[in-house]
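Understanding the architecture of this molecule
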Amino acid sequence: MDWLTTTWSDFWHITISAAGILAAVVILIRLNGLRSLSKMSSFDFAVTVAVGSIVASTLLSDSTSLLNGAIGVAALLLSQRLISYARVHANASLLVDNQPIVLMVGERMIDDALKRTRVTQDDIRGKLREANVIDLSEVYAVVLESTGDISVLHGSEGKPLDARLLEGVANADYAIGSDTPKD
């Protein structure tokens with residue numbers, strides 16, 4: 001029955017640790033900037049999950065002190081900042097980021113891309129509904145982004161898709177005129 005109860009000592013330990021680690025996380029995120037909790041890349045997502053894990057360990061483990069938790073969060077955010085800098089200045093995005101890929105062009109789903117990315121046609125239809133697409137003729141392209149999000153590019157018929165939106169995207173040739181994709 002110990003899993004249903006607590007002691008006053010544990011209660012105060014968790015309460016004070018929660019306030020302390022929350023203050024540390026807020027201060028560190030403010031110092032590091034808005035990108036700290038973004039999903040701009042898979043690495044950013046991993047940092048966000050790791051920060052949550054450190055917060056949980058700091059709150060619920062007697063072996064992780066408040067200071068150690070704050071140092072862990074600071075180290076993760078510093079690593080994220082360094083990786084972000086390297087992505088911009090040293091082309092490290094090739095090592096850190098997944099390449100986005102076109103999954104659908106117009107009304108046609110690209111079966112090979114769906115199979116390779118393990119995205120189903122039902123997943124695509126759900127994203128189309130989420131993007132308020134009411135007719136498939138409105139769809140220019142559907143892209144699986146490097147973050148794992150799915151973007152739906154849609155609009156009025158007759159206006160061409162700006163090819164710059166698909167720079168660096170696998171299968172972009174499908175969407176900008178060619179029948180054969182270049183990976």
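Cut-offs used in this document
Residues numbered from 1 in each chain as written. Predicted model: local features only at pLDDT ≥ 70, side-chain atom pairs only at ≥ 80, totals over all residues. Heavy atoms only, no water. Pairing = 2+ DSSP bridges. Helix = DSSP H or I, 4+ residues; strand = E, 2+ residues; numbered from the N terminus. Contact = heavy atoms within 4.5 Å. Axes fitted to C-alpha atoms, helices over the stretch in contact; angles between N-to-C directions. pLDDT = per-residue confidence, 0-100.

Sheet architecture is open: four strands sit in the order β2-β1-β3-β4, paired in antiparallel fashion. Whereas interior strands pair on both sides, the edge strands pair on one side only; in this sheet they are β2 (108-109) and β4 (150-154). Pairing geometry for strand β1 (residues 101-105) and strand β3 (residues 139-144), over four bridges, is antiparallel. What sits directly across from Val102, in β3, is Val143. Those strands touched by helix α6 (residues 121-130) are β1, β2, β3 and β4, and its axis lies near 60° from that of β4.

With that settled, the discussion passes to the pairing of β4. One face of the sheet, then the other: side chains in a regular strand alternate in exactly this way. Relative to β4, β3 runs antiparallel, the two being bridged by five bridges. Within β4, the position partnered with Val142 by the bridge is Val152. Counted between consecutive antiparallel strands, the loop separating β3 from β4 contains five residues, among which Gly148 sits at a positive phi close to 100°.

What follows concerns the confidence of the model for the protein chain. Per-residue confidence for the protein chain gives a mean pLDDT of 88, with 95% of residues at or over 70. Predicted confidence is poor over residues 179-183, with pLDDT under 50, and the contacts of this stretch with residues over four places away or in other chains come to eleven contacts.

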